[in-house]
Amino acid sequence: MEVRAKLQEEKIRLEREVEQLVLVKQGVLAWGDLLCSAWQHWQVWAPAGLLLLLLALRHTWRKGSLRREEQGEGHDGVNEEEVENVDAYEEDVGNEDGYEDVGNEDEGDSDMEVEEDDSDGRAEDVDDAANEVGNEAGNAANVNDAGNQVEEYRDRADNFGRNIMQRIQWPVQDLQEGCMWTRTLMEHFAIYFRRVLSNSFYPVLQGAIGVGSAFEGWSPREQDVVYQVLIPMTPPRGHSFHLELGTAGQRHLRNFQIRVQQECTCTSEKQGENMLCFLHHPEEELRRHQDPSLLHTLCTGSYLDVEKTARWFYQVVRAIWPALLESHHWHLVLLPPRRSCQFKVTNGRESYRIEMLFGVRQGNSDVFVSSQPRQAHTSSTIWPESYAVAEMKFFRYIARRAPPDSLHLKCLQFFTRLQLGLGFSTYTIKTIVMHLLSILPVSQWRRRNFVRRLMDISESLRACVEIRRLNHFIVGNQRLPGGIILPPEVLMARPCNLFHDLVMDPVAHSQAMSQYVDLQHWLKRILKDGQ
């Protein structure tokens with residue numbers, strides 16, 4: 001009886017456990033069906049919900065930016081914050097990728113939140129998503145309104161830039177036409193250079209290269225534009241050039257001397273032209289039968305003399321001019337030579353001022369040693385290193401990539417004219433603008449960005465004066481475009497500080513800061529009047 005009773009109890013316990021297992025199984029199946037149904041709804045509504053979230057975030061971000069801009073416009077005068085607000089619409093519209101990044105980050109967070117809410121009930125989330133989808137049209141309208149406000153601000157910035165530009169007196173001379181005329185004249189000169197100098201022992205003159213501000217597309221002067229050309233020279237027959245680095249310029253920008261050396265021509269093909277070897281023929285025979293060596297005409301000692309070369313060049317230009325077609329309609333006025341050959345040509349209606357520099361190329365690079373001095377008093381045998389060709393190529397590189405309405409040259413021209421008489425050199429402003437052009441995309445130099453870019457130039461100048469450092473744009477710059485070729489020693493050089501004098505002279509630094517304050521005053525006055 002006891003065994004039967006225990007068996008009966010065990011049977012009842014087992015039946016209860018079976019019933020509980022059945023109930024649990026049914027509950028699991030029902031919960032699984034609920035989850036499956038909710039997941040199907042989530043697949044339908046989740047993309048729409050995420051899209052609405054992205055649009056809402058974008059609208060909120062734009063609304064905040066526009067509010068900051070409206071607050072900035074209430075200030076009197078022109079300061080840095082005001083000009084930043086003038087350019088804010090450009091940043092708002094130009095940062096579409098930034099919106100996408102924010103959207104992607106929030107999308108991941110949304111997925112996490114939805115997964116956590118699964119345990120609390122999917123039905124409420126699906127209803128909320130449905131309500132948000134119902135409001136999609138209203139949100140899209142808000143975004144369109146924000147976009148219209150951005151367009152209004154962009155138009156306002158464009159008008160502001162137009163007003164400023166209309167108040168500036170730009171050079172009246174067509175630089176492009178002047179450059180084309182100068183190139184043609186140099187080509188005509190080159191033909192006669194080859195004819196006149198072919199059998200001489202003077203330097204061989206190569207084709208002229210347009211350099212300087214006019215050929216870069218801008219000019220700091222309103223009317224007196226100077227068209228500079230650099231004429232490369234190679235050694236004549238029986239001679240060679242050797243560049244020797246001067247000791248005085250090794251720490252900063254370099255200076256060179258051009259040592260002229262006679263070479264043996266006894267076994268040269270030149271003997272077929274009845275040329276006597278300067279090294280192995282008697283001096284009396286050389287004097288009687290051959291023109292003098294370059295060492296005896298344009299050199300001081302063994303080094304090519306800049307001033308003697310300039311005077312010789314002056315004589316060549318004056319002798320060739322009557323043979324040119326231009327001489328029939330243009331009047332030539334030669335200016336006194338020192339380290340270059342300068343002249344004016346006029347025809348009664350137009351006038352061009354041209355400066356012919358000369359130099360020797362370093363290898364096959366775009367760096368020369370040239371006759372153009374850096375200081376007022378430069379020894380006649382010193383040829384400073386020139387980066388004019390490399391800089392001209394950089395501006396040409398920018399011009400090929402800039403939009404048709406780019407104002408990067410106008411910014412440079414305006415600022416160089418603004419600072420005339422205030423102590424900063426034109427080359428200082430040009431260097432700052434070249435640095436900015438290598439950092440800022442060319443698409444951000446349009447008219448609506450005009451004021452912002454002027455303020456960038458001003459702030460860059462202030463920072464450089466304060467820290468007493470402005471790096472040369474070419475020397476040691478390993479990020480130049482591929483078409484600009486530098487000698488290895490220039491490419492790998494340490495950055496050269498154009499403000500080295502401010503480091504050495506505290507008085508000069510104090511004066512530079514005072515000059516910047518004056519410049520900033522004039523800039524703010526012009527911008528305020530243009531509002």
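Right, let's walk through the structure included here. Computed from a predicted structure; not experimentally measured.

Another point: the overall build of the protein. Of regular secondary structure, the protein possesses 17 helices and 12 strands. Taken across its 531 residues, the protein has 44% of its residues classed as buried. Counting every atom, the protein has about 29200 Å² of accessible surface; 51% of that belongs to carbon and sulfur.

Attention now moves to the pairing of strand E12 (residues 383-386). Two faces make up the sheet, and in a regular strand the side chains alternate between them. Bridge count for strand E5 (residues 255-262) against E12 is two bridges, and the pairing is antiparallel. Bridge assignment links Phe256 to a residue of E12, and that residue is Trp383. Note that strand E11 (residues 368-370) and E12 share two bridges and pair antiparallel. By the bridge assignment for E12, Val369 is matched with Glu385.

Taken N-terminus to C-terminus, the directions of helix H12 (residues 408-418) and helix H13 (residues 426-439) make an angle of 155 degrees; their axes are 9 Å apart at the nearest point. On the basis of their axis angle, the class for H12 and H13 is roughly antiparallel. The handedness of the crossing between H12 and H13 is right-handed. For the pair H12 and H13, the contacting residues are His408, Leu412, Phe415 and Thr416 in the first and Thr426, Ile429, Lys430, Val433 and Leu437 in the second. Tallied by class, the residues present in the contact of H12 with H13 amount to five nonpolar, three polar and one charged.

We now examine H12. Within H12, eight of the 11 residues are buried, which leaves it mostly tucked inside the rest of the structure. Within H12 the residues assigned to the buried category are His408, Cys411, Leu412, Gln413, Phe414, Phe415, Thr416 and Leu418.

Looking now at the pattern of salt bridges. When the charged atoms of two side chains lie near each other, side chains of opposite charge can form a pair. The tally for this structure, following the rule as stated, stands at 14 salt bridges. A salt bridge links Arg254 to Glu489; the nearest nitrogen and oxygen atoms lie 3.9 Å apart. Here Arg254, found in the loop between strand E4 (239-245) and E5, pairs with Glu489, found in helix H15 (residues 488-491); they are 235 residues apart in sequence, far enough to count as distant. Given the relative accessible area of 43%, Glu489 is considered partly exposed. Through salt bridges with shared partners, a single network forms among Glu216, Glu391 and Lys430.

Our focus in this paragraph is the pairing of E5. Strand direction decides the pairing type here: E4 and E5, joined by seven bridges, are antiparallel. Pairing of Phe241 across the sheet is with Val260, part of E5.

Our focus in this paragraph is empty space enclosed by the protein. Under the definition given, this model contains one cavity of 30 Å³ or more. Approximately 30 Å³ is the volume attributed to the largest cavity. Lining the largest cavity we find Val211, Gln228, Leu230, Leu357, Ser370, Gln372, Ser386 and Ala388. Across the lining of the largest cavity, the residue classes break down as four nonpolar, four polar and no charged.

The next subject is the environment of Cys277. With respect to the helices and strands, Cys277 occurs in the loop between E5 and helix H9 (283-289). Residue Cys277 is classed as buried on the basis of its relative accessible area, which comes to 0%. Taking the C-alpha atoms as reference points, Cys277 and Gly238, 39 residues apart in sequence, are found 7.2 Å from one another. The residues touching Cys277, leaving out its near neighbours within four places in the chain, are Glu263, Cys264, Thr265, Cys266 and Leu286.

Most of the time, phi is negative for any residue but glycine, and the peptide bond is trans. Located in the positive-phi region is Arg468, a residue other than glycine, with phi close to 60 degrees. Structurally, the position occupied by Arg468 is in the loop between helix H14 (450-467) and H15. With a relative accessible area of 28%, Arg468 lands in the partly exposed category.

Quick look at the nonpolar core now. In a soluble, globular protein the nonpolar side chains are often hidden away together inside. Ranked by size, the top nonpolar core spans 52 residues in total, and within it Phe415, Ile457, Leu461 and Leu486 carry the most contacts. Elements with a contribution of two residues or more to this core: helix H11 (388-401), H12, H13, H14 and helix H17 (506-529). Ranked by residues supplied to this core, first place goes to H14 with eight residues. Leaving out residues up to four positions away in the same chain, Leu461 has contacts with Phe424, Thr428, Ile429, Ile432, Phe499, Tyr516 and Leu519.

The description of an aromatic ring pair rests on the distance of the ring centres and on the angle between the ring planes. Per the stated rule, a full pass over the model turns up 17 aromatic pairs. Of note, Arg453 hangs over the ring of Trp445, and the distance from its end group to the ring centre comes to 5.9 Å.

Attention now goes to the packing of H13 against H14. In a pair of packed helices, the angle between the axes and the distance between the axes together describe the arrangement. Their axes nearest at 10 Å, the elements H13 and H14 cross at an angle of 115 degrees. Accordingly, the angle class assigned to the pair H13 and H14 is roughly perpendicular. The handedness of the crossing between H13 and H14 is right-handed. Between H13 and H14, the contacting residues are Thr428, Ile429, Ile432, Val433 and Leu436 on the first element and Asp456, Ile457, Ser460 and Leu461 on the second. Grouping the amino acids of the contact of H13 with H14 by side-chain chemistry returns six nonpolar, two polar and one charged.

Along the chain, the position of Gly238 falls in the loop between strand E3 (226-234) and E4. If sequence neighbours within four positions are ignored, Gly238 has contacts with Gln261, Gln262, Glu263, Thr265 and Met275.

Our next topic: helix H7 (residues 175-197). Each α-helix turn comprises 3.6 residues. Residues three or four places apart therefore point the same way. Helix length check: H7, at 23 residues, gives a terminal C-alpha distance of 32 Å against a target of 33 Å (1.5 Å per residue), a fit within 8%. Among all positions in H7, only Leu175, Gly178, Cys179, Trp181, Thr182, Leu185, Met186, Phe189, Ala190, Phe193 and Leu197 are buried. Packed against the buried residues of H7 are strand E1 (204-205), helix H8 (212-216), E3, helix H10 (306-320), strand E9 (341-346) and strand E10 (351-361). The N-terminus of H7 is capped by Asp174, whose side-chain oxygen sits 3.1 Å from the backbone nitrogen of Gln176.

Thresholds, definitions, all that
Every chain's residues receive numbers from 1 upward, in the order its sequence appears when written. For this predicted model, a pLDDT threshold of at least 70 governs which residues receive local features, and a threshold of 80 or more governs which side-chain atom pairs are given and counted, while totals over whole chains, interfaces and linings are taken from all residues. By convention in this description, side-chain values take in all heavy atoms of the structure and omit both hydrogens and water. A helix here means a DSSP run of H or I that spans at least four residues, while a strand means a run of E at least two residues long, and both kinds are numbered starting from the N terminus. The rule is simple: take the accessible area with a 1.4 Å probe, protein chains only, and divide by the maximum for that residue type; under 20% is buried, over 50% is exposed, in between is partly exposed. Values of accessible area rely on a 1.4 Å probe in the Shrake-Rupley scheme; residue burial ignores everything except the protein chains shown. At least two DSSP bridges between two strands are required for those strands to pair. Every axis corresponds to a line fitted to the C-alpha atoms, with the helix fit spanning only the stretch in contact, and the corresponding angles, defined between N-to-C directions, vary from 0 to 180 degrees. Roughly parallel means an angle under 35 degrees; roughly antiparallel, over 145; roughly perpendicular, 65 to 115; everything else is oblique. Each helix crossing is assigned a hand: it is left-handed if the near helix lies turned anticlockwise from the far helix by less than a right angle, otherwise right-handed if that turn is clockwise. In what follows, residue pairs with any heavy atoms lying within 4.5 Å of each other are defined as contacts. Ten residue types, Ala, Val, Leu, Ile, Met, Phe, Trp, Tyr, Cys and Pro, are classed as nonpolar, four, Asp, Glu, Lys and Arg, as charged, and the remainder, Gly among them, as polar. We count a salt bridge whenever a side-chain nitrogen from Lys or Arg sits within 4 Å of a carboxyl oxygen from Asp or Glu. A pocket here means an open set of points on a 1 Å grid, computed over the protein atoms alone, that has protein on both sides within 12 Å along at least five of seven lines. A cavity is instead a set of points where a 1.4 Å probe fits but cannot get out; residues with an atom within 4 Å of a point line either one. Grid points are joined across faces, edges and corners, and a volume is the space filled by probe spheres set on the points. We define a nonpolar core as any set of buried Ala, Val, Leu, Ile, Met, Phe, Trp, Tyr and Cys residues linked to one another through side-chain atoms lying within 4.5 Å. Any two rings among Phe, Tyr and Trp, with Trp reduced to its six-membered ring, count as a pair given centres within 6.5 Å; such a pair is stacked if its planes are under 30 degrees apart, edge-to-face if over 60, and tilted if neither. A positively charged side chain is recorded as over a ring if its NZ (Lys) or CZ (Arg) lies within 6 Å of the ring centre. The angle to the ring normal must also be within 35 degrees. Given the number of residues in a helix, its expected span is that number minus one, multiplied by 1.5 Å. Counted as a polar contact is a pair of N or O atoms within 3.5 Å, where, for protein atoms, one must be capable of donating a hydrogen and the other of accepting one, and residues adjacent in sequence contribute only when both atoms are in side chains.

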